[in-house]
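Survey of secondary and tertiary structure
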Amino acid sequence: MPRLLSVNVGLPRNIEWKGRTVHTAIWKDPVPGRCRVGRLNLDGDGQGDLAGHGGEQRAVFVYQIESYRYWQEQLRRADFVHGQFGENFTIEGLPDDAVCIGDRYQIGSALFEVTQPRVTCYRVGIRMNEPRMPALLTSSGRPGFYLRVLQEGEVGPGGEIVKVGEGKERMTIAEINALLYSPDHARDRLERALRIEALSPGWRSSFEALLKSQMSGNAGLVPEAAAHPASPGFRPLAVTAIDHESDDVLSLTMQSPNGRPLPTAMPGQYVVVRLQTAAGGPPIFRSYSLSGPLSTERYRISVKIEPNGAAGTYMREHVQVGDALDVSSPRGSFILQSGERPVVLLSAGIGATPILAMLHSLAAVRSTRQVLWLYGARDGEHHPFAAEVRRLMPALTHGRSYVCYSRPGSRDKMSKDFDATGHLSRSVFDEAGVPREADIYLCGPNRFMADMKEELATLGVAPERIHVEIFNGSESMTPGVVGGVMRGPHLPKDDANTGPLVSFARSGIAAHWKASVYQSILELAEACDVPVRWSCRTGVCHSCESGLVSGAVVYGPEPLEKPADGNLLVCCSQPIRDVVIDL
């Protein structure tokens, strides 16, 4: 009969790790007597990162003493204590290759149901003093499992674990774990897993994505930011037109010099441009949204000329019609979604560029969706694409435009050039009639986007309906890390002019790889304060998956499954020559 050997709890605390502060509850200590189990937690227990741990589907984490013995032998350790793996229940019996999703167990006076395998993160590596632990737990088929609480009650060490029900399809924890993390995502087994009602929503979503996917890599794990991979490399495109859109914005139209069709873009995507601004110097890389109509014949990018901007200044002063620019394939996940919901295209300044491509796409098909163009500029001289937007709006059955100037000029006419004085705000949303159920596409300066997200929240727009594009860098994900000072991307203090050059295209930073200092591209990115996403740091979770714009990498350690073609895992990769990464 399986037994409960120890009940372990712990509250979140701050620990120091690699010069950072991590808020975690990975440390669990045995409870001497009986312990009450609630719907979301055991008494005295908590989670430091509720996005990755805890909640109804992950109320109780279970690990087996037999796996303790396995790891003691594998790691040559003899210092394990109950709670060593962050588990709430240390048990005897119920191995991962026998327990099935949906199985139900009575322990003490509480009733539980198995919902999913453990999802490992770097914090178990901290607790074990073994950074490889997330990958080892997953690849070994010994991840442990989570329970949800069907009936609250009390449990205590020594109690019997009585099986009172079986899940449908009889798929074990080990099978479900391998189905997501190993390269073999057999369609029939994915369909079986999705028939299990007790499977947690997160794992269900991953399996649904794998079932629908036709891409390489792991569609069940890839983050949205890397979900549309593109072929690495640059192609020379000839500049066929240069147009001044406003005082500080110019557009460049480019075509393939040999007439070959260009890769198809989706509305909202961008390209990376490689510029050789100084003879003999390193190139610089900039990401520019495609601002024109969808076309396989030509691309149009629109560039803001900043006072000290190296790329914009170079383009204004040196690039001429007939010149060639090195341009990547279109990439990015800020994409107009199909459907019937209303669309709000909300932007300010140069943030109009990807939004304008969406407007072109809607106008091209004469969309009958409600479309609201909301735009903010300083004045008419700093209002690019004004005439272009006016030409596109009549193609939309239910299209409307509302423009705010913060400081209109003497020649700017209300109701002709703009609709209101001031900044875009909640009152403007009310005046313009922003539908709460709309899909919102938002782009502009960082402060503007933060303000708009707050205003949209007060309007009652659901967060998942707000789609955001960040020009300089991307949103970071550093689970559990607290209290750090936010700094803009910069060169590392020890950068030297040797080794492969690693260029972070969206952040505008290029630093040299030093194998004696960095174990992964992730560590170099962190040294440069480039915004990154990560969780396991060992090639398991794919949170760090990013676009590989050009170059090549090797992996060490090898990930459990390689990323999609055109992507890389920055947490466990090293460059073998110059690389450009979409971060």
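Everything that follows concerns the structure shown earlier in this document.
Predicted model, so just to flag it, every value in this text is computed and none were measured.

**Focus on the overall build of the protein**
Within the protein, the regular secondary structure consists of twelve helices and 32 strands. The C-alpha extent of the protein, read off along each of the three principal axes, is 85 × 55 × 45 Å. The 583 residues of the protein split such that 55% are buried. Looking at the protein alone, contacts between residues at least 24 apart form 70% of all its contacts between residues at least 6 apart. Per element, the accessible surface of the protein, about 25100 Å² overall, is 48% carbon and sulfur. Within the protein, one finds 61 positive and 65 negative side-chain charges whose respective centroids are separated by 1 Å.

**As for the side chain of S543**
With respect to the secondary-structure elements, S543 resides in the loop between α12 (521-527) and β28 (545-550). Not counting the four nearest positions on each side in its chain, S543 is found in contact with P223, M477, R533, W534 and S535.

**Describing unusual backbone geometry**
Glycine aside, the phi torsion of most residues is negative, and most peptide linkages are trans. Backbone torsion omega between G556 and P557 reads 5°, so that peptide bond is classified as cis. Mapped onto the secondary structure, P557 falls in the loop between β29 (553-555) and β30 (567-569). Positive phi, normally seen in glycine, also occurs at E169, with a value near 70°. Take E169: it is sitting in the loop between β12 (161-165) and α4 (173-181). For S415, which is not glycine, the phi torsion reads 75° and is therefore positive. Within the fold, S415 resides in the loop between β21 (398-405) and β22 (420-421).

**Quick word on the state of the cysteines**
The tally for this structure, following the rule as stated, stands at zero disulfides. Between C544, a cysteine without a disulfide, and C571, which holds the nearest cysteine sulfur, the sulfur-to-sulfur distance is 3.7 Å.

**Examining the packing of α4 against helix α6 (residues 201-212)**
In the contact formed by α4 and α6, the axes pass within 10 Å of each other and the chain directions differ by 50°. Judged on the interaxial angle alone, α6 and α4 are oblique. Note on packing geometry: the crossing formed by α4 with α6 is left-handed. Residues I176, N177, L179, L180 and Y181 of α4 pack against W203, S206, F207 and L210 of α6. Taken together, the residues that form the contact of α4 with α6 break down as seven nonpolar, two polar and no charged.

**Topic: the side chain of H382**
Among the structural elements, H382 can be located in the loop between β20 (370-377) and α9 (386-392). A distance of 2.8 Å separates polar atoms of two side chains, one belonging to H382 and the other to D379. What H382 contacts, discounting residues up to four positions off in sequence, is S246, D247, D248, Y375 and A377.

**Comments concerning the pairing of strand β27 (residues 509-512)**
Strand direction decides the pairing type here: strand β26 (residues 501-504) and β27, joined by four bridges, are antiparallel. Looking across to β27, one finds that V502 is bridged to A511. The antiparallel hairpin formed by β26 and β27 contains four residues in its connecting segment, where G508 sits at a positive phi of about 70°.

**Thoughts on empty space enclosed by the protein**
Evaluation of the coordinates by the stated rule reveals four cavities of 30 Å³ or more. Forming the walls of the largest cavity are 20 residues, and the residues nearest its centre are A25, K28, Q47, H53 and G86. Considered class by class, the residues forming the lining of the largest cavity number five nonpolar, nine polar and six charged. The computed volume of the second largest cavity comes to approximately 50 Å³. Along the walls of the second largest cavity sit A225, A226, H228, P229, A230, Y270, R331, G332, G547, N567 and D582, which together make up its complete lining. Of the residues in the lining of the second largest cavity, the class split is five nonpolar, four polar and two charged.

**Concerning the environment of A348**
Summarising the element assignment, A348 is placed in strand β19 (residues 343-348). Taking the C-alpha atoms as reference, A348 lies 13 Å from F418; in sequence the two are 70 residues apart. Not counting the four nearest positions on each side in its chain, A348 is found in contact with Y375, G376, C443, G444, P445 and F448.

**As for the environment of L42**
Within the fold, L42 resides in the loop between β5 (35-37) and β6 (60-64). When the C-alpha positions of L42 and N8 are compared, they lie 8.9 Å apart, and in sequence the two are 34 residues distant. Setting aside residues up to four positions removed in sequence, L42 forms contacts with V7, V9, C35, R36, V37, A59, V60, N88 and F89.

**A look at α6**
With twelve residues, α6 should cover 16 Å at 1.5 Å per step; its first-to-last C-alpha distance of 16 Å lies within 8% of that length. When α6 is considered as a whole, its buried residues turn out to be W203, S206, F207 and L210. Angular distribution of buried residues about the axis of α6 spans 95°; they occupy a single face of the element. Of the surrounding elements, those touching the buried residues of α6 are β9 (110-117), α4 and α5 (187-194).

**Here we look at the nonpolar core**
The biggest cluster of nonpolar side chains holds 46 residues, and the ones touching the most others in it are V60, F89, F112, V155 and F207. Core analysis: the second largest hydrophobic core is formed by 32 residues, L524, C544, L568 and I581 among them.

**Looking at the pattern of salt bridges**
Per the stated rule, a full pass over the model turns up 36 salt bridges. One salt bridge connects E197 with K168, and the closest N-O pair in it is separated by 3.3 Å. In this pair, E197 is assigned in the loop between α5 and α6 and K168 in the loop between β12 and α4, connecting sequence segments 29 residues apart. According to the relative accessible area criterion, E197 is exposed, its value standing at 67%. Salt-bridge contacts for E169 lead to R192; the nearest nitrogen and oxygen are separated by 3.5 Å. Here the residue E169 occupies a position in the loop between β12 and α4, and R192 occupies one in helix α5, the gap between them amounting to 23 residues. Judged by its relative accessible area of 23%, R192 falls in the partly exposed class.

**A word on the environment of R192**
For R192 and R170, which are 22 residues apart along the polypeptide, the C-alpha to C-alpha distance reads 9.2 Å. With sequence-adjacent residues up to four places away left out, R192 is seen in contact with E169, R170, M171 and E175.

**Observations concerning helix α7 (residues 310-318)**
For α7, the set of buried residues is A311, G312, T313 and M315. Contacts made by the buried residues of α7 are with β14 (249-255), β15 (270-275), β16 (284-289) and β17 (298-304).

Criteria and cut-off values
Residues numbered from 1 in each chain as written. Predicted model: local features only at pLDDT ≥ 70, side-chain atom pairs only at ≥ 80, totals over all residues. Heavy atoms only, no water. Helix = DSSP H or I, 4+ residues; strand = E, 2+ residues; numbered from the N terminus. Buried < 20%, exposed > 50% of the residue type's maximum accessible area, 1.4 Å probe, protein only. Contact = heavy atoms within 4.5 Å. Areas by Shrake-Rupley, 256 points an atom, 1.4 Å probe, with all protein chains shown as cover. Lys, Arg positive; Asp, Glu negative; His and termini not counted. Charge placed at Lys NZ, Arg CZ, Asp CG, Glu CD. Disulfide = S-S within 2.5 Å. Axes fitted to C-alpha atoms, helices over the stretch in contact; angles between N-to-C directions. Parallel < 35°, antiparallel > 145°, perpendicular 65-115°, else oblique. Left-handed = near helix turned anticlockwise from the far one by under 90°. Nonpolar A, V, L, I, M, F, W, Y, C, P; charged D, E, K, R; others polar. Polar contact = N/O pair within 3.5 Å; in protein donor to acceptor, adjacent residues only side chain to side chain. Pairing = 2+ DSSP bridges. 1 Å grid on protein atoms, 1.4 Å probe; cavity = no way out; pocket = protein on both sides within 12 Å on 5 of 7 lines; lining within 4 Å. Points joined across faces, edges and corners; volume = space filled by probe spheres on them. Expected span 1.5 Å × (residues − 1). Arc of directions from axis to C-beta. Core = buried A, V, L, I, M, F, W, Y, C linked by side-chain atoms within 4.5 Å. Salt bridge = Lys/Arg side-chain N within 4 Å of Asp/Glu carboxyl O.

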